[in-house]
Amino acid sequence: MKFSRQSTATIYRKSEALSMYGEPKLFFAGKADIGIVRFIEAYDRTSVRADSSASRGKADMELFDAVFIFPKSSKLKLDDVLLIEGVKLEVKRVHNRFGLRGKEGHFEVGANLWVSQ
């Protein structure tokens, strides 16, 4: 499936070796043109509670800080670190979306802000 390129992601893979601070070292794994579905760059504190519904917040839905569309040619793995628009995110889901009528599909990627920035 062809999609509109909105940004470029730099993909970093975590190595087994740790830095002097005990964090995994990152090495370059590639670049990919991406489409942005949802992108939250930072969190703001709020005094409003949003979890007082009848279900008490027990939904079967995964929530991510960002959702992107990657082409099938990208070599993504879980726990890879993405650098997009100056923000580091950690890949938490790679979902294969199939194309229709013989067209190539894409990957839907769920990612959360990476703490070790």
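Just so you know, these numbers come straight off a predicted model, no measurement behind them.

Calculation notes
- Residues numbered from 1 in each chain as written.
- Predicted model: local features only at pLDDT ≥ 70, side-chain atom pairs only at ≥ 80, totals over all residues.
- Heavy atoms only, no water.
- Pairing = 2+ DSSP bridges.
- Helix = DSSP H or I, 4+ residues; strand = E, 2+ residues; numbered from the N terminus.
- Axes fitted to C-alpha atoms, helices over the stretch in contact; angles between N-to-C directions.
- pLDDT = per-residue confidence, 0-100.
- Salt bridge = Lys/Arg side-chain N within 4 Å of Asp/Glu carboxyl O.
- Buried < 20%, exposed > 50% of the residue type's maximum accessible area, 1.4 Å probe, protein only.
- Core = buried A, V, L, I, M, F, W, Y, C linked by side-chain atoms within 4.5 Å.
- Contact = heavy atoms within 4.5 Å.
- Polar contact = N/O pair within 3.5 Å; in protein donor to acceptor, adjacent residues only side chain to side chain.

**Student:** Teacher, can you tell me more about the sheet that holds strand β1 (residues 7-18) here?
**Tutor:** Reading around the circumference, β1-β2-β3-β6-β5-β4 is the order of the six strands in this closed barrel, with antiparallel pairing throughout. When strand polarity is set aside, the average angle formed by the axes of neighbouring strands in this sheet is 45°. As paired elements, strand β3 (residues 66-71) and strand β6 (residues 106-113) share six bridges and run antiparallel to each other. Residue pairing for β6: I69 is matched across the bridge by E108.

**Student:** Would you take a moment to explain the confidence of the model for the chain for this structure?
**Tutor:** Low-pLDDT stretches of the model should not have their predicted coordinates read in fine detail. Averaged over the chain, the pLDDT score is 83; the fraction of residues at 70 or greater is 77%. Looking over the chain, one finds the lowest element-wise mean pLDDT in strand β2 (residues 24-39), namely 92, and the highest in strand β4 (residues 81-84), namely 95.

**Student:** Mind showing me how you'd approach the pairing of strand β5 (residues 87-97) here?
**Tutor:** Working note: regular strand, side chains alternate between the two faces of the sheet. Bridge analysis of β4 against β5 gives four bridges, and the strand direction is antiparallel. When the sheet's bridge partners are listed, L83 is paired in β5 with K88. Taking the residues between adjacent antiparallel strands as the criterion, β4 and β5 are bridged by two residues, where E85 takes a positive phi near 55°. Where β5 and β6 come together, eight bridges link them in antiparallel fashion. Across the sheet, the residue bridging to V91 is A111, located in β6.

**Student:** Is there a simple way to think about the pattern of salt bridges in this case?
**Tutor:** Side chains bearing opposite charge may pair, as long as their charged atoms lie close to each other. Following the criterion strictly, the structure yields seven salt bridges and no others. When the shortest N-O distance is used, the salt bridge between E90 and K92 registers 3.7 Å. Here R97 makes a salt bridge to E108, at a shortest N to O gap of 3.0 Å. You can see R97 sitting in strand β5 and its partner E108 sitting in strand β6, a full eleven residues away along the chain. Accessibility expressed as a relative area gives 17% for E108, which makes it buried.

**Student:** What am I meant to see in the nonpolar core here?
**Tutor:** Buried together is how nonpolar side chains tend to be arranged in soluble globular proteins. If you look at the biggest cluster of nonpolar residues, it comprises 17 residues, and the most contacted ones within it are F68, F70, L76, L82, I84 and L89. For this core, the secondary structure elements donating two or more residues are β1, β2, β3, β4, β5 and β6. No other element matches β6, which puts four residues into this core. If sequence neighbours within four positions are ignored, L76 has contacts with I11, R13, F70, L82, V91, V94 and V109.

**Student:** I'm lost on the side chain of S7 in this one. Help?
**Tutor:** With respect to the helices and strands, S7 occurs in strand β1. Taking relative accessible area as the criterion, S7 reaches 4% and is therefore assigned buried. Among the polar contacts listed, one links the side chain of S7 to the side chain of E85, at a separation of 2.6 Å.

**Student:** What exactly am I supposed to notice about the pairing of β4 here?
**Tutor:** Relative to β4, β1 runs antiparallel, the two sharing three bridges. Each bridged residue has a counterpart across the sheet, and for Y12 the counterpart in β4 is V81.

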